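Below, each chain spelled out in residue letters.
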Amino acid sequence: MELRHLRYFAEVADTRHFGRAAERLHMAQPALSQSIRQLEAELGTPLFARTTRQVRLTPAGEFFQLEVARILESVEAATRGVRRIAAGRQGLVRIAFTGSAAHTELPRMARTVKRALPGMGLEIHADLLTPAQVDGLHDGTLDLGVLRPPMAGDGLASRTLSTEPLLLAVAEDHALAQQPSIAMGDLRTERFVLFSSPDSAVNDAILRGAREVDFVPIREHEAAGISVLLPLVAADLGVALVPASVRAAPLAGVVFREVTDAPTVDLALVWRADETNPAVLAVLDALADDGTDHTGSPAPTPEPDEVVR
């Protein structure tokens, strides 16, 4: 039994006429009749009751018509799916976000993909620091990363999404929360909450900014991610310098203050340079076309006394 035999049967069952079915199938009627007889012989039962005036389905034929319609629809759906995947219109893309980037970039990216590629699924991995994302991209467990450069290792391509200054995060009753203006030098004697990753791009920026005004930050506590870092700040266990996008996920009792000479950090979209997956390439194109990458765009300046209560 071949797929063409099922299509021949479906056409005859629909028209109840071998001549009209043959015309629709663009084939000779004798060849169609022979194919149907072969199908009936293989099944071991007649599918049609034929007279000189009419062709009607037998009970077995009526059952077979329903099953054939289901089979042919499944074949068509599979064909459409394969073509959509090959064209990058359907599939699953695994994307990771570092820290606060999930709060600022994830909504925009997800909306863009949903609008441009409605058949595309996104598997989200949030709060992954840059080293973990790079490892995932290299070992194939991630397709895209939204992270803070630099990245260790070769074979990755990237484009900058934004450049944002670091803000000072302090407890609301901390003395610096009331200062009219803050500079890096004002943090010389403060105890810091830093990220625990040895490859943290934010830590590197903090150390760079501190060196420019001749001090080394006092490391009081470490946090694996922003979800731990901010509660430590709220408890007044140290101050922190964090990307401006952290304000999208505020925490009660934490004040964010602008630092006049604060260093900046980049946020980048990263993927494998030799990527061939049509779904990943289609998502990259959709994000680029939608203007998701906005190189050099500064983060909004916070209000001096911004605090969440």
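Quick caveat, the model's predicted, so the values are computed rather than measured.

A.B. asks: Help me out: how do you make sense of the overall build of the chain in this one?
C.D. replies: Scanning the chain for helices and strands turns up nine helices and 12 strands. Compactness check: the chain gives a C-alpha radius of gyration of 32 Å against a globular reference of 19 Å for 309 residues, more than 25% above the reference. Each principal axis of the C-alpha atoms in the chain carries an extent, and together these give about 105 × 40 × 30 Å. For the chain, restricting intrachain contacts to residue pairs at least 6 apart in sequence, the fraction spanning at least 24 positions comes to 75%. Element-wise, carbon and sulfur atoms account for 52% of the exposed surface of the chain, whose accessible area totals about 15500 Å². Each charge sign in the chain was given a centre, from 30 positive and 41 negative side chains, and these centres are 14 Å apart.

A.B. asks: What should I look at first to understand the packing of aromatic side chains in this one?
C.D. replies: For any pair of aromatic rings, geometry is given as the distance between the ring centres together with the angle between the planes. If you walk through the whole model with that rule in mind, you get three aromatic pairs. When the ring of F9 is compared with that of F48, the centres are 5.4 Å apart and the planes differ by 45°; the resulting orientation is tilted. Within this pair, whereas F9 is found in helix α1 (residues 3–15), its partner F48 is found in strand β1 (residues 48–50), the two being separated by 39 residues in sequence. The exposure classification of F9 matches that of F48, with both residues buried. Pairwise contacts between aromatic rings join F9, F18, F48 and F64 into one cluster.

A.B. asks: Help me understand helix α7 (residues 201–212), please; the structure alone is not making it clear to me.
C.D. replies: An α-helix turns once every 3.6 residues. As a result, residues three or four positions apart point the same way. The terminal C-alpha atoms of α7 lie 17 Å apart, and with 12 residues this matches the ideal 16 Å at 1.5 Å per residue to within 8%. Listed as buried for α7 are A201, V202, N203, A205, I206, G209 and A210. Check the buried side of α7 and you find it contacts β6 (156–171), β7 (191–195), β8 (218–223), β9 (240–243) and β11 (264–272). The distance from a side-chain oxygen at the start of α7 to the backbone nitrogen of V202 is 3.3 Å, and the residue carrying that oxygen is S200. Immediately beyond the C-terminal end of α7, within one or two residues, lies D214, with a positive phi of roughly 65°.

A.B. asks: Whenever I open this one, the confidence of the model for the chain confuses me. Can you help?
C.D. replies: Any region with low pLDDT has predicted coordinates that should not be read closely. A residue-level look at the chain finds 92% of positions with pLDDT of 70 or above and a mean pLDDT of 88. When mean pLDDT is compared element by element in the chain, β7 scores highest at 96, while strand β12 (residues 306–307) scores lowest at 40. When the criterion is pLDDT under 50, residues 293–309 qualifies, and its contacts beyond four places in sequence or with other chains add up to 44 contacts.

A.B. asks: Explain helix α9 (residues 278–289) to me, please; I cannot follow it from the model alone.
C.D. replies: Its 12 residues give α9 an end-to-end C-alpha distance of 16 Å, which sits within 8% of 16 Å, the value for a rise of 1.5 Å per residue. Looking at where α9 begins, the residue whose side-chain oxygen comes 2.9 Å from the main-chain nitrogen of A279 is N277.

A.B. asks: How should I be thinking about the nonpolar core in this particular structure?
C.D. replies: In globular proteins that are soluble, nonpolar side chains generally tend to be buried together. L168, L187, L229 and L241 are the most contacted members of the largest nonpolar core, which has 37 residues in total. Listing elements by their share of this core, those giving two or more residues are β6, β7, α7, α8 (226–234), β9 and β10 (254–258). In this view, L187 contacts L168, L176, I182, F192, F215 and L241; residues no more than four positions away in its chain are not counted. With 22 residues, the next largest nonpolar core counts A101, A102, A279 and A286 among its residues.

A.B. asks: How should I be thinking about empty space enclosed by the protein in this particular structure?
C.D. replies: If a probe as big as a water molecule is rolled over the atoms, it shows which places are left empty. Inspection of the entire model under this criterion finds one cavity of 30 Å³ or more. What the largest cavity holds in volume is close to 180 Å³. Lining the largest cavity are 17 residues, with T98, L129, R148, F195 and V202 sitting closest to its centre. Counting residues per element, the ones that place at least two in the lining of the largest cavity are α6 (130–139) and α7.

A.B. asks: Where do I start with the side chain of R148 in this structure?
C.D. replies: Along the chain, the position of R148 falls in the loop between β5 (144–147) and β6. Of the polar contacts made by the side chain of R148, one reaches the side chain of E164; its length is 2.9 Å. In this structure the side chain of R148 is engaged in a polar contact, spanning 3.5 Å, whose partner is the side chain of S245. Excluding residues within four positions of it along the chain, R148 makes contact with T98, S100, T130, E164, A201, V202, P243, S245, V265, D266 and L267.

A.B. asks: Any chance you could explain the pairing of β6 here in plain terms?
C.D. replies: In the case of a regular strand, side chains alternate between the two sheet surfaces. Examined bridge by bridge, β6 and β11 share nine bridges and lie antiparallel to one another. Bridge pairing links S158 to V270 in β11. In terms of strand pairing, β6 meets β9 through four bridges, oriented antiparallel. In the strand pairing of β9, L168 is matched with L241.

A.B. asks: Sorry if this is basic, but what is going on with unusual backbone geometry here?
C.D. replies: As a rule of thumb, non-glycine residues mostly have phi less than zero, and peptide bonds are mostly trans rather than cis. Cis geometry marks the peptide bond from P149 to P150, where omega comes out at 5°. Among the secondary structure elements, P150 is positioned in the loop between β5 and β6. Positive phi values are uncommon outside glycine, yet R16 reaches one of about 55°. With respect to the helices, strands and loops of the structure, R16 is situated in the loop between α1 and α2 (18–25). If you check the backbone angles, D127 has positive phi at about 60° while not being a glycine. Here D127 falls in the partly exposed class, since its relative accessible area comes to 32%.

Parameters and conventions
Residues numbered from 1 in each chain as written. Predicted model: local features only at pLDDT ≥ 70, side-chain atom pairs only at ≥ 80, totals over all residues. Heavy atoms only, no water. Helix = DSSP H or I, 4+ residues; strand = E, 2+ residues; numbered from the N terminus. Rg over C-alpha atoms; globule rule 2.2 N^0.38 Å. Contact = heavy atoms within 4.5 Å. Areas by Shrake-Rupley, 256 points an atom, 1.4 Å probe, with all protein chains shown as cover. Lys, Arg positive; Asp, Glu negative; His and termini not counted. Charge placed at Lys NZ, Arg CZ, Asp CG, Glu CD. Phe/Tyr/Trp six-rings, centres within 6.5 Å; stacked < 30°, edge-to-face > 60°. Buried < 20%, exposed > 50% of the residue type's maximum accessible area, 1.4 Å probe, protein only. Expected span 1.5 Å × (residues − 1). Polar contact = N/O pair within 3.5 Å; in protein donor to acceptor, adjacent residues only side chain to side chain. pLDDT = per-residue confidence, 0-100. Core = buried A, V, L, I, M, F, W, Y, C linked by side-chain atoms within 4.5 Å. 1 Å grid on protein atoms, 1.4 Å probe; cavity = no way out; pocket = protein on both sides within 12 Å on 5 of 7 lines; lining within 4 Å. Points joined across faces, edges and corners; volume = space filled by probe spheres on them. Pairing = 2+ DSSP bridges.

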